[in-house]
Amino acid sequence: MQNPFEKRFPSELNRDHEYFMSHAYNQALLAWEKDEVPIGAVIVQGDQILASAHNQTRSTQDPTAHAEMLAISQTANRLGDWRLNDCTLYVTKEPCPMCSGALVIARIQRVYFGLTDPKMGCLGGASNLAQLPESNHKFEAIGGLMEAENHALLNAFFEKKRAEKKVAKQRDRD
């Protein structure tokens, strides 16, 4: 029996859904460090991570620089093909309409996301672009993976932003 506290090489870890979502979560932490909305994504083929990204909309001043969009572009460049037929996306928050549309066009196979977005999520939250009746590509989307962790991270980020705004507003009054 293996000691559960024994250090193991990454190649020895079980590459399951939580393993890949943990990588996406780490990307979200990098986004936080850069004062970006903490959303991270990884794209996997088989048991290999092909791309990883985090939101960069603020730093690039580009509204399309979402984690999912950046990961899609990285993967397409790496594979030399825009079709991501055998790929799976892991993302910390349900993709928006733009990202969900890109996933349909890229022909992603499957998406796992952490936190459902009932206002703007388009893989079941507010709408479902993955299952459009007339679309030539449909894919499976499964939410709730590491949901509590992803929810806590986003809540903490926005609470911090509101507190900073409140302090700045108070400073302006003084």
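Quick caveat: nothing in here was measured; it's all calculated off a predicted structure.

Basis of the calculations
Residues numbered from 1 in each chain as written. Predicted model: local features only at pLDDT ≥ 70, side-chain atom pairs only at ≥ 80, totals over all residues. Heavy atoms only, no water. Helix = DSSP H or I, 4+ residues; strand = E, 2+ residues; numbered from the N terminus. Buried < 20%, exposed > 50% of the residue type's maximum accessible area, 1.4 Å probe, protein only. Contact = heavy atoms within 4.5 Å. Lys, Arg positive; Asp, Glu negative; His and termini not counted. Charge placed at Lys NZ, Arg CZ, Asp CG, Glu CD. Phe/Tyr/Trp six-rings, centres within 6.5 Å; stacked < 30°, edge-to-face > 60°. Polar contact = N/O pair within 3.5 Å; in protein donor to acceptor, adjacent residues only side chain to side chain.

Chemist: Teacher, can you tell me more about the overall build of the protein here?
Modeler: In terms of helices and strands, the protein carries 5 helices and 5 strands. Put simply, the protein runs from its N terminus to its C terminus through helices and strands in the order α-β-β-α-α-β-α-β-β-α. The principal-axis extents of the C-alpha atoms in the protein amount to approximately 60 × 50 × 30 Å. A buried classification covers 39% of the 174 residues belonging to the protein. Once local pairs closer than 6 in sequence are excluded, the contacts in the protein between residues at least 24 apart make up 57%. In the protein, 20 positive and 22 negative side-chain charges are present, and the distance between their average locations comes to 6 Å.

Chemist: Please clarify how the packing of aromatic side chains should be interpreted in this entry.
Modeler: Both the distance between ring centres and the angle between the ring planes are used here to describe each pair of aromatic rings. Inspection of the entire model under this criterion finds 5 aromatic pairs. Note on Trp-32 and Phe-157: the rings are 5.4 Å apart at their centroids and 70° apart in plane angle, and the pair reads as edge-to-face. In this pair, Trp-32 is assigned in helix H1 (residues 17–33) and Phe-157 in helix H5 (residues 147–173), connecting sequence segments 125 residues apart. Exposure remark for Trp-32: the relative accessible area of 24% places this residue in the partly exposed category. Its relative accessible area of 0% is what places Phe-157 among the buried residues. For the ring pair Tyr-90 and Tyr-112, a centre distance of 5.1 Å and an interplane angle of 10° mean the geometry is stacked.

Chemist: Sorry if this is basic, but what is going on with the side chain of Gln-27 here?
Modeler: Along the chain, Gln-27 falls in helix H1. In this structure Gln-27 comes out as buried when scored by relative accessible area, which is 13%. At 3.0 Å, the side chain of Gln-27 and the side chain of His-54 are in polar contact. Excluding residues that lie within four positions of it along the chain, Gln-27 makes contacts with Gly-40, Ala-41, Ser-52, Ala-53 and His-54.

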